[in-house]
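The chain contents come next:
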Amino acid sequence: MELKSVCLCVFVCATVVYLNTLDCGFCFDDLSAIEQNQDLKPTTPWANLIWDDFWGTPMSKDGSHKSYRPLCVFLFRLNYYMHQLNPMGYHLGNILLHSIASTLFTVFCYLYIFYDTSPAMVAGLLFAVHPVHSEAVAGVVGRAESLSAIFFLTSIAAYQRALQLSKGIGMQWLLLSMATGLCAVLSKEQGITFIAVCVVSDVVMNGAGQLKSTIIRGMLLFSFVVLFMVARVQIMGAELPVFTIHDNPATGTPTPQRQLTWLYLCFVNIHLLFFPNWLCADWTMGTIPVIESISDPRNVATLATFLGLSLLSIRALQRASFDSWRIIVMGLSLLVFPFLPASNLFFPVGFVVAERILYVPSMGFCVLVSYGMNIIANHRPKLRVIIGITVAYLLVFYSLKTVVRNRDWVSDETLFTAAVKINPRNGKIHNNLGHVYEHQEKLVEAEQLFQLASELQPDDVGAFINLGRVRKAQKKHHQAEQAYDTAIRLMPDIEKEKSFRIAPNYINVYYNLANLIKLNSNRLEEALKLYDTALRMKIDFVEAYINKADTLLQLNRIEEAKATYKKAVQYDPNYIDAYYNLGVVSLRLKDDKEAEDYFRYSLKLDPQHRNSLFNLAMLLKDTDRLAESEKLFLKLIQLTPSDWRIMYNLGAVYTDLQQYDRAEGWFRKTLELNPSHENAAYVLGAIYSQRNECNTTISYLSKVTELLLLLTQVFTVSNVDSFKQSQGYTNVG
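Every value quoted in this text rests on a predicted model; they were computed, and no experiment measured them.

**Observations concerning the pattern of salt bridges**
Throughout the structure, instances matching the rule amount to 27 salt bridges. Lys428 serves as the salt-bridge partner of Asp282, at 3.3 Å between the closest nitrogen and oxygen. On the criterion of sequence distance, the pair formed by Asp282 in the loop between helix H12 (257–274) and helix H13 (298–317) and Lys428 in helix H18 (residues 427–439) is long-range, its members being 146 residues apart. Owing to a relative accessible area of 6%, Asp282 belongs among the buried residues under this scheme. Close ionic contact of Lys562 with Glu594 constitutes a salt bridge, the shortest N to O distance being 2.6 Å.

This is how it looks when you write it as structure tokens:
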């Protein structure tokens, strides 16, 4: 079978098995990487892609995940330019990249591993339809895997071309290898392992025959690594990302439990490649219990895994034939090296198992499986039919499993519902499903899931924060406070442990509790202390500044509130609501000029910010700049066509401009939406009085009299002090 036909077959299969992801939405990490990522927006400078992480957070900030993948974000931004937030375009891009990666892998297998289309086709098809790739293809953020894989293979292929030259080091091909290798790293961090694969292939191909060339190429690759690491440290700073103990429970255990657990995870990943029947979006927390002793039977599986890999290595070292040696070494290199950064064996990572990181290592798995079947078929001709049937069964099973697994990625609800069935001991999955129900306003179901999550993982701060939040939404304030208090008790003592770094989202417990207790006007000082605690732990916590300032306003500490709002815009110069609130505070301090400046600046950031439009229009009206006030009110009425406050004030503007016909129309609309608005009725009566329309005048003035009588009764019961709020400046908040 010709290589072109093989490539076409692989490309079509890789595409077809993922076509049912086109109607999937954004779910799980897609929400942070796509919907909430400001780096995708046209208003964000392109340079931000260099300085920000995968999620749009500056790499230098404490809250950064430190995942540096600017090329992947670049493609997301192109998607956003073409499709905005329509998920289909993003999923189509993922399918295309996976199909290209599968085809490129097939060509790579033919040109540099097997030199034969049959085993190359088997390896390519296995890779194209393997169910473990569903997370990397059906999940939009998985694009980092396929994009990195394309550059990863291209880099190794270019290096192979350099090795095929009879003289010299092949500088042109070597530079191409390093350039595409850099692209692999800028797509996903594990792309850096292309260097290890290249060095091993150099040794395999040349041995001691071209030792000088091998050393020079090795030194150049080493220099590349050093330069890249220096550049990355400059961008991200010297700090590592913050992970909680629940992201990778073994990190908090002593030796040898920690090492035994991490070694066992190698078996778990190999098992997923052979038997991808239990696939799950999250493997953290209690999914895989920590191995407590050497007598744990799971250690047998670990020994079997490393024994198998050792036997393969020994087989390669025996050099039964050069081809056998080359294929096994290349297969093991592709399997092992790309997996090492995520293995925990050199440094802890923020997850236990992640199916997406098996995308590139599965290439080595497919090479070894295809080679093994090819050996059996060649050495046992009678078994060729059985081998053919086995391959066909594997491909059909993998394809069907992939198609079924893809449907789990339709939405967060389907994804986490499926995950709970696979890993019911994982509290994080219950938390995530609880978030889904919370957003659907199914608060009872959400509370039950958060409660279960807190029982499965009693030391999980996040579960109690979630529990408190959903209880507050149900007006269960006392129970919500209990949940927040429990979360705070689980927090480390930051005063005693100065060097302790805490997950940024955990700081929300102080913020959420402060928001809860300030509902009681007698506990405002207590709320301020909680906001201050949150701000000591996260100095750029803008929302905490905003709510602290709001609390200070309730205490009539206006100057302090103003200083706090200014602190918020210091850390987030584009925080529109902070400028708006500064404008309202300036009004309370009777500084109309400063208030106008703040309102205009917030409108510069967002020309349709309704509160700023309304308050600026009111300010202009009160300072007799009626024409400009009219324009703003007309703009507002287009944004909110049924707001009677805007209609009333438009009528008032036209009254001041002595355009009584226009004023009449807006006052009438005001009364249609708010029949009890006595000011609108009174002014209408006055307008009709000027026109000598006595019956109409009497009608509206009678309405005013009725409203005033009713108002008198309301005053005696509720002690309302003014109706000015219905027509004046909006409140802070």
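Moving on, there is more to tell.
**Focus: the side chain of Thr193**
Here Thr193 lies in the loop between helix H9 (171–187) and helix H10 (194–206). Thr193 gets classed as buried once you look at its relative accessible area, which sits at 9%. Excluding its chain neighbours within four sequence positions, the residues that come into contact with Thr193 are Phe152, Phe337, Pro338 and Pro341.

**What to know about the nonpolar core**
Ranked by internal contacts, the top residues of the largest apolar core, which has 127 residues, are Phe105, Ile113, Phe114 and Leu334. Discounting chain neighbours no more than four positions away, the residues touching Ile113 are Phe108, Arg326, Ile327, Met330, Leu334 and Val367. Tyr506, Ile507, Val542 and Tyr575 belong to the second-largest nonpolar core, a separate cluster that totals 42 residues.

**Digging into empty space enclosed by the protein**
In the structure shown here, the tally under the stated rule is 2 cavities of 30 Å³ or more. In this structure, the second largest cavity spans a volume of roughly 40 Å³. Lining the second largest cavity, in full, are Asn248, Pro249, Ala250, Thr261, Ile288, Val290 and Val352. Broken down by class, the residue content of the lining of the second largest cavity amounts to 5 nonpolar, 2 polar and no charged.

**Focus: helix H23 (residues 524–537)**
In this model H23 runs 20 Å from its N-terminal to its C-terminal C-alpha over 14 residues, within 8% of the 20 Å that 1.5 Å per residue would give. Turning to H23, its buried residues are Leu524, Ala527, Leu528, Leu530, Tyr531, Thr533, Ala534, Leu535 and Met537. In this fold, the buried residues of H23 make contact with helix H22 (508–517) and helix H24 (542–554).

**Quick notes on the packing of aromatic side chains**
Taken as a whole and assessed by the stated rule, the structure comprises 21 aromatic pairs. Their ring planes at 90° and their centres at 5.2 Å tell us that Phe28 and Phe416 sit as a pair that is edge-to-face. Remark: Phe416 occurs in helix H17 (residues 412–422) and Phe28 occurs in the loop between helix H1 (3–16) and helix H2 (30–35); sequence separation between them is 388 residues. Between Phe127 and Tyr359, the aromatic rings sit 5.1 Å apart at their centres with planes inclined by 75°, giving edge-to-face as the arrangement. Residue Phe127 is located in helix H6 (residues 117–129), and its partner Tyr359 is located in the loop between helix H14 (322–336) and helix H15 (361–379); the two are separated by 232 residues in the primary sequence. Using a relative accessible area of 0% as the deciding quantity, one classes Phe127 as buried. What makes Tyr359 buried here is its relative accessible area of 0%. One aromatic cluster in this structure is built from Phe54, Trp55 and Phe76. One residue, Arg298, lies across the ring of Tyr264, its end atom 5.3 Å from the ring centre.

**Focus on the packing of helix H8 (residues 143–163) against H9**
Axis angle and axis distance: for two packed helices, these are the angle between their axes and the distance between the axes, and together they describe the pair. Interaxial distance between H8 and H9 falls to 8 Å at its minimum, and their mutual angle equals 165°. What the angle tells us is that H8 and H9 run roughly antiparallel. The handedness of the crossing between H8 and H9 is left-handed. On the side of H8, the interface is formed by Ala144, Leu147, Ser148, Phe151, Phe152, Thr154, Ser155, Ala158, Tyr159, Arg161 and Ala162, while H9 contributes Trp173, Leu174, Leu176, Ser177, Thr180, Gly181, Cys183, Ala184 and Ser187.

**Some points on helix H5 (residues 87–114)**
In a regular helix each residue adds 1.5 Å, so 28 residues correspond to 40 Å; H5 covers 39 Å between its end C-alpha atoms and thus fits that length. At Phe108, H5 shows its strongest bend, of approximately 30°. A large share of H5 lies buried, amounting to 20 of its 28 residues. Two residues or fewer after H5 comes Tyr115, characterised by a positive phi angle close to 60°.

**Examining the confidence of the model for the protein chain**
With 89% of its residues at a pLDDT of 70 or more, the protein chain shows a mean pLDDT of 85. For residues 496–500, every residue scores under 50 in pLDDT, and the model assigns this stretch 2 contacts once sequence neighbours within four places are set aside. Here residues 707–733 scores under 50 on pLDDT; set against residues more than four positions off or in separate chains, the count is 39 contacts.

**Examining the packing of helix H26 (residues 576–588) against helix H28 (residues 610–622)**
Two elements in contact, H26 and H28, have axes separated by 10 Å at closest approach and are oriented at 30°. On the basis of the axis angle, H26 is roughly parallel to H28. Read as a crossing pair, H26 and H28 show a hand that is left-handed. In contact with Tyr580, Val584 and Leu587 of H26, H28 contributes Asn611, Ser612, Asn615 and Leu619. The residue makeup of the contact of H26 with H28, split by class, is 4 nonpolar, 3 polar and no charged.

**Looking at unusual backbone geometry**
The amide bond that connects Thr255 to the next residue, Pro256, takes the cis arrangement and shows omega of 5°. Within the element layout of this structure, Pro256 appears in the loop between helix H11 (211–236) and H12. The residue Gln84 is not glycine, and still its phi comes out positive at about 55°. Structurally, Gln84 is set in the loop between helix H4 (70–83) and H5. Phi angles above zero are rare outside glycine, and Gln658 is one such case at about 60°. Tracing the backbone through its elements, the reader meets Gln658 in the loop between helix H30 (644–656) and helix H31 (660–673).

Cut-offs used in this document
Residues numbered from 1 in each chain as written. Predicted model: local features only at pLDDT ≥ 70, side-chain atom pairs only at ≥ 80, totals over all residues. Heavy atoms only, no water. Salt bridge = Lys/Arg side-chain N within 4 Å of Asp/Glu carboxyl O. Helix = DSSP H or I, 4+ residues; strand = E, 2+ residues; numbered from the N terminus. Buried < 20%, exposed > 50% of the residue type's maximum accessible area, 1.4 Å probe, protein only. Contact = heavy atoms within 4.5 Å. Core = buried A, V, L, I, M, F, W, Y, C linked by side-chain atoms within 4.5 Å. 1 Å grid on protein atoms, 1.4 Å probe; cavity = no way out; pocket = protein on both sides within 12 Å on 5 of 7 lines; lining within 4 Å. Points joined across faces, edges and corners; volume = space filled by probe spheres on them. Nonpolar A, V, L, I, M, F, W, Y, C, P; charged D, E, K, R; others polar. Expected span 1.5 Å × (residues − 1). Phe/Tyr/Trp six-rings, centres within 6.5 Å; stacked < 30°, edge-to-face > 60°. Lys NZ or Arg CZ within 6 Å of the ring centre and 35° of its normal. Axes fitted to C-alpha atoms, helices over the stretch in contact; angles between N-to-C directions. Parallel < 35°, antiparallel > 145°, perpendicular 65-115°, else oblique. Left-handed = near helix turned anticlockwise from the far one by under 90°. Bend = angle between axes of the 7 residues up to and from the residue. pLDDT = per-residue confidence, 0-100.

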